[in-house]
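# A structural walkthrough
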Amino acid sequence: MVQAYVLIQTEVGKASAVAEFIGSIPGVIQAEDVTGPYDVIVRAQADTMDELGRMVVARVQQVDGITRTLTCPVVHL
């Protein structure tokens, strides 16, 4: 199982709606609207890194109101 944090910037005023919608996507563990340079932080999981990448590109990045994402895979050192 691969997990990652996805840091999301949204259009002004859209963070709450984006977080709520993304929270319903299969594989998303948690989606929270936050303050700071990013508007929403998502924790997601998938069986492989490829599946995780496809989820971010095909599902998350297509949500209306998102302007930029940064995916940070979780590593266990």
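Below or above, wherever it landed, is the structure these notes cover. Everything numeric in this text was worked out from a predicted model, so none of it was measured.

Residues separated by three or four positions in an α-helix point in the same direction, a consequence of the helix having 3.6 residues per turn. Of all the residues in helix α2 (residues 49–60), the buried ones are Leu 52, Met 55, Val 56 and Val 60. Angular distribution of buried residues about the axis of α2 spans 95°; they occupy a single face of the element. Facing away from the buried surface of α2 by more than 90 degrees, the exposed residues are Asp 50, Arg 54 and Ala 58. Each element contacted by the buried residues of α2 is listed here: β1 (2–10), α1 (15–22), β2 (28–33), β3 (40–46) and β4 (66–73).

Turning next to the pairing of β1. Where β1 and β3 come together, seven bridges link them in antiparallel fashion. Its bridge partner being in β3, Ile 8 is matched across the sheet by Val 40. Two strands pair when backbone bridges link them, and β1 and β4 are joined in this way by seven bridges, in the antiparallel orientation. If you follow Leu 7 over to β4, its bridge partner there is Leu 70.

Right, let's get into the nonpolar core. Counting 20 residues, the largest nonpolar core has Ile 8, Ile 22 and Val 42 as its most contacted members. For this core, the secondary-structure elements that each account for two or more residues are β1, α1, β3 and α2.

Conventions we followed
- Residues numbered from 1 in each chain as written.
- Predicted model: local features only at pLDDT ≥ 70, side-chain atom pairs only at ≥ 80, totals over all residues.
- Heavy atoms only, no water.
- Buried < 20%, exposed > 50% of the residue type's maximum accessible area, 1.4 Å probe, protein only.
- Helix = DSSP H or I, 4+ residues; strand = E, 2+ residues; numbered from the N terminus.
- Arc of directions from axis to C-beta.
- Contact = heavy atoms within 4.5 Å.
- Pairing = 2+ DSSP bridges.
- Core = buried A, V, L, I, M, F, W, Y, C linked by side-chain atoms within 4.5 Å.

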